[in-house]
Amino acid sequence: MKYDVAVVGAGPTGAIASKYAARNGARTLLIEEHSSIGSPVQCTGLISKAALVQCEIGEGNFVLSRMKGAFVYAPNGDELTIRGKDVMAYVIDRKVFDRELVEHSLDAGVELMLKTRFMGLQNGGISVLSSGVIKDIQADLIIGADGIMSSVGRAAGLPRCKKFLSGIQFEAPYHARDPEFVEIFTGNNFAPGFFGWAVPFAGMARIGLAKNMGYKPALNYLEELIKHPVLASRYTGSRTEHVVGGIPLGPPDRTAKENVLLVGDAAGQVKPTSGGGVYMGAVCAKIAGEVAARAARKETDTGEYEKRWRNAVGRELSIGMIIHKSLGKLSDENLNEFIGFLNRPGMSERITKYGDMDHPSVLLKELLRGADKMRLVRLLGVAFKTLF
Ligand SMILES: Cc1cc2nc3c(=O)[nH]c(=O)nc-3n(C[C@H](O)[C@H](O)[C@H](O)COP(=O)(O)OP(=O)(O)OC[C@H]3O[C@@H](n4cnc5c(N)ncnc54)[C@H](O)[C@@H]3O)c2cc1C
């Protein structure tokens, strides 16, 4: 078996990278260790309109509901309402979404092997365990789209991401306050370093949290989260679809070497402010697929991928990481003050106008103008002085 490009992992980034490699003239193989695409799901499935555009997929039957805003709860119970001009995001069924993305790559000519696990790099390709049999597959370029634990990255000796969060979530019947609004819960007793959420769809919600690694197990924090007065009043008790998973933050210093490149969670291309990886992963996967196809023909090298993806999203990721670190250090008292700061008269219009869930730096830049700057710097820390 001889391919120009072999893509490991048929999640969203592997599907898009393989489609772009094939479209750019490469004979492309996509392998996936599971027997079906999109399962198990490790995602809340909240993605922006822009993410759908980046994934080159219209509003398909994977859309479960449409979100127009968010209620953000401070630890003291104060709430901030963020109202979008229109639909800001979709709640999606990741199984159906991932399958549709893979169908697009098959339409572009990609060959797919399910139940095929990447085992190691070989001179001139990869070795895989396919339906119980070890096989060698020749490929000039290898794209590791194999998620947070990336075996391809490890085999290539590429460094790991800077930080990992642990996430946990379940689905349950839920009486949403407004079915078009996501709920965000802040507080160090249930989500140290990050936040909890309830994302409603069709009379249900995905209720979960992500937190810094260490401390107690995530399940203990989930038990605390569901005691939150807002959640406790709307969640009636049963649970399905448990999800436990890690979220990588902060790309490693290198994501490509010789004939290997990493994309998506494997490369830490995840928004540090929300933990969302579909948008950034899609942007970078297109670059990965195109560069891999041309590198297989010796028209370029994998260094071009490193440069181009960092030019496209590197600055947003760096700023996102500073915001993440600053917010993650806040005590509950500081979180109350920060949410109070965003709740002042006139702010909500600015948040609606400049808020962009994929590019939080745009709103931050606006908030750092004029009189707000010193108050924000005092609230969030000195690192903010150097941002803009
Ligand atoms: C609790 C939680 C909630 C989240 N919520 C959101 C959200 O609301 N919105 C959002 O945008 N993002 C969210 N994310 C992040 C999002 O799920 C990931 O960023 C996204 O799935 C990354 O896509 P990927 O293609 O890079 O990797 P993955 O989706 O992880 O796909 C990797 C694929 O590689 C396969 N694979 C792994 N190893 C091998 C191997 N050795 N051989 C062959 N195949 C292999 C896996 O089976 C998998 O199919 C969430 C994450 C968690 C943990």
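Let us look at the structure shown here. Here the structure is a predicted model, which means the values were calculated and not measured.

### A few points about the overall build of the protein chain
Consideration 1: Regarding its fold elements, the protein chain presents twelve helices and 18 strands.
Consideration 2: For the protein chain, the C-alpha radius of gyration of 21 Å lies close to 21 Å, the compact-globule estimate for 388 residues.
Consideration 3: Along the first, second and third principal axes, the C-alpha set of the protein chain runs to 60 × 45 × 40 Å.
Consideration 4: Accessible area for the protein chain stands at about 16,300 Å²; split by element, carbon and sulfur atoms hold 52% of it.
Consideration 5: Positive and negative charge centroids in the protein chain, built from 48 and 41 side chains respectively, lie 4 Å apart.

### Overview of the packing of helix α10 (residues 347-354) against helix α11 (residues 360-367)
Consideration 1: Orientation of α10 relative to α11, taken along the N-to-C sense of each, is 145°, at an axis distance of 9 Å. Considering only the axes of α10 and α11, their crossing is right-handed. Contact residues: Met347, Arg350, Ile351 and Tyr354 in α10; Val362, Leu363, Glu366 and Leu367 in α11.
Consideration 2: Split into classes, the residues belonging to the contact of α10 with α11 amount to six nonpolar, no polar and two charged.

### A word on the sheet that holds strand β3 (residues 46-48)
Consideration 1: Taken together, three strands build an open sheet; the order of strands is β3-β7-β4 and the sheet is antiparallel. The open sheet has two free edges, formed respectively by β3 and β4 (63-67), since each of these has just one partner strand. Put simply, the sheet's adjacent strands are angled 30° from each other on average, direction ignored.
Consideration 2: With four bridges connecting them, β4 and strand β7 (residues 89-92) associate as antiparallel partners. Its bridge partner being in β7, Val63 is matched across the sheet by Ile92.

### Concerning the side chain of Ser166
Consideration 1: Relative to the elements of secondary structure, Ser166 occurs in strand β12 (residues 163-173).
Consideration 2: For Ser166, the residues in contact, after removing those within four places along its chain, are Leu209, Ala210, Lys211, Asn212, Met213, Ala218 and Gly245.

### Topic: the packing of helix α8 (residues 303-328) against α11
Consideration 1: Where α8 meets α11, the closest approach of the two axes is 9 Å, and the angle between their N-to-C directions is 65°. In terms of crossing hand, the pair formed by α8 and α11 is left-handed. Mapping the contact onto sequence places Glu316, Ile319 and Ile323 in α8 and Pro360, Ser361 and Leu364 in α11.

### Considering the site of the ligand
Consideration 1: Contacts to the ligand come from 32 residues, most closely from Thr13, Glu32, Leu46, Phe118 and Asp265.
Consideration 2: At a separation of 3.2 Å, a nitrogen atom of the ligand approaches a polar backbone atom of Glu33.
Consideration 3: With respect to the ligand, the side chain of Arg94 contributes an N or O atom lying 3.0 Å from an oxygen atom.
Consideration 4: In the complex, 88% of the free accessible area of the ligand, which totals 1,000 Å², lies under the protein chains.
Consideration 5: Within the residue set of the shell around the ligand, elements represented by two or more residues are α1 (12-23), β3, β9 (116-122) and β16 (240-249).
Consideration 6: Here the residues of the shell around the ligand are counted per class, giving ten nonpolar, 16 polar and six charged.
Consideration 7: When residues are assigned to domains, the shell around the ligand turns out to be shared by domain 1 (2-44 + 94-161 + 251-313) and domain 2 (65-92 + 163-248), each giving three or more.

Rules used in this analysis
- Starting afresh in each chain, residues are numbered from 1 along the sequence in its written order.
- Local features in a predicted model are, by the rule used here, given only for residues with pLDDT of at least 70; side-chain atom pairs are given and counted only at 80 or more, and totals for whole chains, interfaces and linings are based on all residues.
- By convention in this description, side-chain values take in all heavy atoms of the structure and omit both hydrogens and water.
- Note on conventions: DSSP H or I runs of at least 4 residues are helices, E runs of at least 2 residues are strands, and numbering of each starts at the N terminus.
- Between the two quantities, the radius of gyration covers C-alpha atoms and the globule rule is 2.2 Å times the number of residues to the power 0.38.
- Areas reported here follow the Shrake-Rupley algorithm with a probe of radius 1.4 Å; residue values treat only the protein chains shown as occluding.
- Here the positive residues are Lys and Arg and the negative ones are Asp and Glu; neither His nor the chain ends is included.
- The atom standing in for a charge is NZ when the residue is Lys, CZ when it is Arg, CG when it is Asp and CD when it is Glu.
- Axis definition: a line fit to C-alpha positions, over the contact stretch in the case of helices; interaxial angles, taken between N-to-C directions, run 0 to 180 degrees.
- Handedness of a crossing follows from how the near helix is turned relative to the far one, being left-handed for an anticlockwise turn of less than a right angle and right-handed for a clockwise one.
- We call two residues in contact whenever any of their non-hydrogen atoms come within 4.5 Å of each other.
- Gly is put with the polar residues, along with every residue not named as nonpolar or charged; the nonpolar set is Ala, Val, Leu, Ile, Met, Phe, Trp, Tyr, Cys and Pro, and the charged set is Asp, Glu, Lys and Arg.
- Pairing between strands is defined by DSSP: at least two bridges between the two strands are required.
- A cutoff of 4 Å decides nearness: a residue is near a molecule or strand if any of its heavy atoms lies inside that distance of it.
- Between N or O atoms, a polar contact is any pair within 3.5 Å; within protein, one atom must be a potential hydrogen donor and the other a potential acceptor, and residues adjacent in sequence are included only when both atoms are from side chains.
- How far each domain reaches was decided by an automatic or database domain assignment.

Just geometry here; none of it tells us what the structure is for.
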